Amino acid sequence: AAAGAIPLVAARVTLGAGEGVAFPAVHSLISRHVPKDRQSTAVAAVTAASYGGAAFAFGVTPAVVLAGGWEAAFYTFGSAAIFWFPFWAASSFKVVNDAANGGGKYGAESAGKPGVIDEWLALVKTREVRAICVAQFAQSWGGYGLLSWLPTYFEEALGVPLGDLPAFTVLPYFIQGIVGVGSGVVADQWLREGKFSTKFIRRAFQTVGMVGPAVCLAGAAVLGGAGATDANIFAAAVLVDVGLALSALTLAGVSVSHLDVAPRHAGLVFATGNTCATIAGIIAVPLSGWVLEATGQSWSAVFGVIAVLYVVGAALWWAWVGDE
């Protein structure tokens, strides 16, 4: 940053490019190296770790900046990644799933396709992959939009002092991590016991993980317009935390569906859905700000848009989600 705007932008683009391939690569590894009846747990654990990392960063960054300046935060987190890399590079994993030779409706059928583009085009034409894309878009609209505007909501709508905001904005990440891991463990347990089909489990976790937050957001919107009393602040905080906790149930839904329907292309399908999620985040944050301004700071309008997208996404997911 000290070198100027152009090097800073270049560094940020490079960082984004590196982050963009990380999760698809991890999901490709999971599809090959984790037994099928443990994959929901593996996906949930990896994603929950990212929630924990975000919460940790939110918590320690102010202290790091106060102690060593803003540069110290960049050096600290960058050095942590460099320290981790040699251990990762030296790791080896046993292949337990030969994804190229079956497993999943689109595991082997597209193996003869001539190139990645052709494989990708064949995949995105299927309703199972479209279900993943729609669900990722809808829930990420809510995730990015809500978490980005959450501090403003508590400060402006409910009058929470700026110094008290971390207690309301960091806790949701920890709750999501705990619920997310739990959802993966339960989903795998149900699959091993044969209690429910794979499709029902994916449908159930994803639907509750989207409709539940929609209901909670509707309640938070009502409280935001009812006045900044202690009771309203507490109730709104509980609703937001419950909504975000329920959203973590999707780690046993859309977050693992690509491993069911296209294990050979798990990374590619995940990347496609994640791109839709990123597009949603790019649109949701500024559009939510515009809605706030256009409606005279109506949080009901902002939360209403998110809730509608959640419900529509859940309905399409229920109709299109794939099975083994």
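Analysis parameters
Each chain has its residues counted from 1, running along the sequence as written. Totals for whole chains, interfaces and linings use every residue, but because this is a predicted model, local features are given only for residues with pLDDT of at least 70 and side-chain atom pairs only at 80 or more, for both listing and counting. Hydrogens and water are ignored here; the side-chain numbers use all heavy atoms of the structure. Under the DSSP-based scheme used, a helix requires at least four consecutive residues in state H or I and a strand at least two consecutive residues in state E, with every element numbered from the N terminus. Relative accessibility decides the category of a residue: with a 1.4 Å probe and only protein chains considered, values under 20% of the type maximum give buried, values over 50% give exposed, and everything between is partly exposed. Throughout, a contact is declared for two residues whenever any of their heavy atoms are within 4.5 Å. Exposure was quantified through the Shrake-Rupley algorithm and a 1.4 Å probe, taking into account, for residues, occlusion by the shown protein chains and nothing else. For Phe, Tyr and Trp, where Trp contributes only its six-membered ring, two rings pair if their centres lie within 6.5 Å, and the inter-plane angle classes them as stacked under 30 degrees, edge-to-face over 60, or tilted in between. pLDDT measures how confident the predictor is about each residue, on a scale from 0 to 100. The axes used here are C-alpha line fits, helices contributing only the stretch in contact, and every angle between their N-to-C directions lies in the interval 0 to 180 degrees. Our angle categories are set so that under 35 degrees counts as roughly parallel, over 145 as roughly antiparallel, 65 to 115 as roughly perpendicular, and the remainder as oblique. The crossing is said to be left-handed when, going from far helix to near helix, the turn is anticlockwise and less than a right angle, and right-handed when the turn is clockwise. Put simply, Ala, Val, Leu, Ile, Met, Phe, Trp, Tyr, Cys and Pro go in the nonpolar bin, Asp, Glu, Lys and Arg in the charged bin, and everything else, Gly too, in the polar bin. Excluding any residue in a salt bridge, patches collect residues exceeding 30% relative accessible area, merging like charges within 9 Å and nonpolar Val, Leu, Ile, Met, Phe, Trp and Tyr side chains within 5 Å. Whenever a carboxyl oxygen of Asp or Glu lies within 4 Å of a side-chain nitrogen of Lys or Arg, that contact is scored as a salt bridge. Nonpolar cores were defined as sets of buried Ala, Val, Leu, Ile, Met, Phe, Trp, Tyr and Cys residues, with membership established by side-chain atoms within 4.5 Å.

K.L.:
What exactly am I supposed to notice about the overall build of the protein here?
P.N.:
Scanning the protein from terminus to terminus reveals twelve helices and zero strands. Going from N to C terminus, the protein has its helices and strands arranged as α-α-α-α-α-α-α-α-α-α-α-α. With 324 residues in all, the protein has 40% of them scored as buried. Residue pairs at least 24 apart in sequence account for 79% of intrachain contacts in the protein once pairs closer than 6 positions are excluded. In the form shown here, the protein has an accessible surface area of approximately 15,800 Å², with 70% of it arising from carbon and sulfur atoms.

K.L.:
Would you explain the packing of aromatic side chains in this entry?
P.N.:
Aromatic ring pairs are described here by two measures, namely the spacing of the ring centres and the angle between the planes. This structure, assessed with the given rule, holds nine aromatic pairs. Here the aromatic rings of Trp 190 and Phe 205 are separated by 5.7 Å at their centres, their planes lie at 50°, and the arrangement is tilted. Of this pair, Trp 190 sits in helix α7 (residues 171–193) while Phe 205 sits in helix α8 (residues 198–224), and the two are 15 residues apart along the sequence. With relative accessibility at 9%, the residue Phe 205 sits in the buried group. An aromatic cluster is built from Trp 190, Phe 196, Phe 200 and Phe 205, whose rings are joined through pairwise contacts.

K.L.:
Any chance you could explain the confidence of the model for the protein here in plain terms?
P.N.:
Do not read the fine detail of predicted coordinates wherever pLDDT is low. In this model, the protein carries an average pLDDT of 83, and 88% of its residues clear a pLDDT of 70 or more. Contacts from residues 107–113, a stretch scored under 50 in pLDDT, to residues over four places away or in other chains number 15 contacts.

K.L.:
What am I meant to see in the packing of helix α1 (residues 5–33) against helix α2 (residues 39–68) here?
P.N.:
Helix-helix packing is characterised by the crossing angle of the two axes and by the distance between the axes. Here α1 crosses α2 at 155°, and the two axes come no closer than 10 Å. As judged from the angle between their axes, α1 and α2 are roughly antiparallel. Viewed along their axes, α1 and α2 form a crossing whose handedness is right-handed. In this structure, α1 uses Phe 23, Val 26, His 27, Ile 30 and Ser 31 to contact α2, whose residues at the interface are Gln 39, Ala 42, Val 43, Val 46 and Ser 50. In terms of residue class, the contact of α1 with α2 is made up of six nonpolar, four polar and no charged.

K.L.:
What is the right way to look at the environment of Gly 52 in this model?
P.N.:
Position of Gly 52 relative to the elements: it lies in helix α2. On the basis of relative accessible area, Gly 52 is assigned to the partly exposed category, the value being 25%. When the C-alpha positions of Gly 52 and Gln 176 are compared, they lie 8.8 Å apart, and in sequence the two are 124 residues distant.

K.L.:
Even after reading the chapter, I still don't get a nonpolar patch on the surface, so can you show me in this structure?
P.N.:
A cluster of nonpolar side chains, contributed by Ile 279, Ile 282, Ile 283, Leu 287 and Trp 290, occupies part of the molecular surface with about 490 Å² of accessible area. Residue placement: Ile 282 occurs in helix α11 (residues 266–294).

K.L.:
What should I look at first to understand the pattern of salt bridges in this one?
P.N.:
Think of it this way: side chains of opposite charge can pair up when their charged atoms draw near. A full pass over the atoms with the stated rule returns five salt bridges. The salt bridge partner of Lys 36 is Asp 260, with a shortest N-O separation of 3.3 Å. Note that Lys 36 is positioned in the loop between α1 and α2 and Asp 260 in helix α10 (residues 254–261), a separation of 224 residues in sequence. Connected through salt bridges with shared partners, the residues Lys 36, Arg 202 and Asp 260 form a single ionic network.

K.L.:
Can you help me understand the nonpolar core in this one?
P.N.:
Looking at soluble globular proteins, one finds that nonpolar side chains tend to be buried together. Tyr 153, Val 240, Val 302, Phe 303 and Ile 306 are the most contacted members of the largest nonpolar core, which totals 27 residues. Secondary structure elements with two or more residues in this core: α5 (127–157), α8, α9 (230–247), α11 and α12 (299–320). It is α12 that contributes the most residues to this core, seven residues altogether. Each residue touching Ile 306, except ones within four places of it in the same chain, is listed here: Trp 141, Gly 142, Leu 146 and Leu 217. If you look at the next biggest cluster of nonpolar residues, it comprises 14 residues, including Val 124, Val 129, Cys 133 and Cys 276.

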